[in-house]
Amino acid sequence: MRERILEKAQELFFRFGVKSVTMDDIARELGISKKTIYQHFEDKNSMVCAGVRHHFECDHFIAEKIHNEAPNPIAEAVMGAEMMRQTMSGLNPSAIFDIKKYYPQAWDLFSQYKKEFVLDIIRKNIRKGIEMGLYRTNINVEVIAKLRLEQIEMGLDPYLFPLGQFNPLDTQLELLDHFLRGIVTHEGLDLYNEYLNTRLSMPVSLSALLNTKSSTY
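Fair warning: this is a prediction, and the values are worked out from it, not measured in the lab.

Let us look at the confidence of the model for the protein chain. Averaged over all residues, the pLDDT of the protein chain is 87; the fraction at 70 or higher stands at 91%. Segment residues 202-206 is flagged for pLDDT under 50; beyond a separation of four residues in sequence, or across chains, it makes 13 contacts in the model. Across residues 208-217, where pLDDT falls below 50, the model places 34 contacts with residues more than four positions away in sequence or in other chains.

What follows covers the environment of Met88. On the secondary structure map, Met88 appears in helix H5 (residues 73-88). The buried category is assigned to Met88, whose relative accessible area is 16%. Sequence separation of Met88 and Leu12 is 76 residues, and the distance between their C-alpha atoms is 14 Å. Once residues lying within four places of it in the same chain are set aside, the contact partners of Met88 are Ile96, Pro168 and Leu169.

Right, let's get into the packing of helix H4 (residues 44-69) against H5. Look at H4 against H5: their axes get within 9 Å of each other, and the N-to-C directions meet at 150°. The pairing of H4 with H5 is recorded here as roughly antiparallel in orientation. Our pair here, H4 against H5, has a crossing hand that is right-handed. Residue-level contacts link Asp59, Ile62, Ala63, Ile66 and His67 of H4 to Glu76, Met79, Gly80 and Met83 of H5.

The next subject is the side chain of Thr171. Within the secondary structure layout, Thr171 lies in helix H9 (residues 168-183). Note on Thr171: relative accessible area 7%, which makes it buried. Setting aside anything within four residues of it in sequence, one finds Thr171 in contact with Gly155, Phe161 and Phe166.

Ile26, Ile37, Met47, Ile74, Ile126 and Tyr135 are the most contacted members of the largest nonpolar core, which totals 69 residues. With 11 residues, helix H7 (residues 104-131) is the largest single contributor of residues to this core. Filtering out sequence-adjacent residues up to four positions away, Met47 remains in contact with Ile5, Leu6, Ala9, Phe13, Met23, Ile26, Ile37 and Phe41.

The next subject is helix H8 (residues 141-154). If you check H8, its first and last C-alpha atoms are 20 Å apart, about what 14 residues at 1.5 Å a residue would give, namely 20 Å. Buried within H8 we find Val141, Ile144, Ala145, Arg148, Leu149, Gln151, Ile152 and Glu153. Summarising the contacts, the buried residues of H8 are in contact with helix H6 (94-102), H7 and H9. Looking at where H8 begins, the residue whose side-chain oxygen comes 3.1 Å from the main-chain nitrogen of Glu142 is Asn140.

What follows deals with the environment of Asn45. As for its placement among the helices and strands, Asn45 is situated in helix H4. Those residues in contact with Asn45 that sit more than four places away from it in its chain are Tyr103 and Gln105.

With respect to the helices and strands, Asp157 occurs in the loop between H8 and H9. Not counting residues up to four positions away in its chain, the partners in contact with Asp157 are Phe97 and Lys100.

For the structure shown, the criterion picks out 11 salt bridges. Residue Asp120 pairs with Lys124 through a salt bridge whose shortest N-O separation is 3.3 Å. In this pair, Asp120 and Lys124 are both assigned in helix H7, four residues apart and thus about one turn of the helix distant. When its relative accessible area of 35% is taken as the criterion, Lys124 is described as partly exposed.

For the structure shown, the criterion picks out two cavities of 30 Å³ or more. Computed from the structure, the largest cavity encloses a volume of approximately 1000 Å³. For the lining of the largest cavity, the elements supplying multiple residues, two or more each, are H4, H5, H6, H7, H8 and H9. A per-class count over the lining of the largest cavity returns 28 nonpolar, six polar and four charged.

Cut-offs applied
Residues numbered from 1 in each chain as written. Predicted model: local features only at pLDDT ≥ 70, side-chain atom pairs only at ≥ 80, totals over all residues. Heavy atoms only, no water. pLDDT = per-residue confidence, 0-100. Contact = heavy atoms within 4.5 Å. Helix = DSSP H or I, 4+ residues; strand = E, 2+ residues; numbered from the N terminus. Buried < 20%, exposed > 50% of the residue type's maximum accessible area, 1.4 Å probe, protein only. Axes fitted to C-alpha atoms, helices over the stretch in contact; angles between N-to-C directions. Parallel < 35°, antiparallel > 145°, perpendicular 65-115°, else oblique. Left-handed = near helix turned anticlockwise from the far one by under 90°. Core = buried A, V, L, I, M, F, W, Y, C linked by side-chain atoms within 4.5 Å. Expected span 1.5 Å × (residues − 1). Polar contact = N/O pair within 3.5 Å; in protein donor to acceptor, adjacent residues only side chain to side chain. Salt bridge = Lys/Arg side-chain N within 4 Å of Asp/Glu carboxyl O. 1 Å grid on protein atoms, 1.4 Å probe; cavity = no way out; pocket = protein on both sides within 12 Å on 5 of 7 lines; lining within 4 Å. Points joined across faces, edges and corners; volume = space filled by probe spheres on them. Nonpolar A, V, L, I, M, F, W, Y, C, P; charged D, E, K, R; others polar.

Right, here's the structure in full:
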């Protein structure tokens, strides 16, 4: 029952935003009482935190698969962008901002995940790109990795990119494109443009993973 409740809550948060969805809404959608929900979740905050943890477990799993199976770091970045498109497609942008503003414990989980796993996988991508001659050798890996990390959070800042003017997915993809073009070699740029022109497809196994392992927000 706990998994069923969490799945429905994530679905509603995904569609309507986190703040606007109440425990009554979740109970009504499931056809159960609020008492049943409280048997599994102390409050809405604990439910949001559980949802964020689940999302990162799925994200971690898929990102590792992409990192291990991509033929090169640029392909990994392009495949990561495709993952982003699929997981954020149809997402109510207010869901992200609601978590940041009203659920600090859940947002702290995001910050911890970003500073640990995400930063590490960015470093690995950059180092491998340099080794393969696809990224410039004269870049400082640590500085550039942290720059990319901050770009991700910057793209979620409603003061810099107000919801009414910017779509979070479009913003993230634009920032990623800008980042890659700043670090690639001529060879890397040719490969990147080739992927963009042919719309690089993810391996079937990863496409299946996105359908089965990704969270709803």
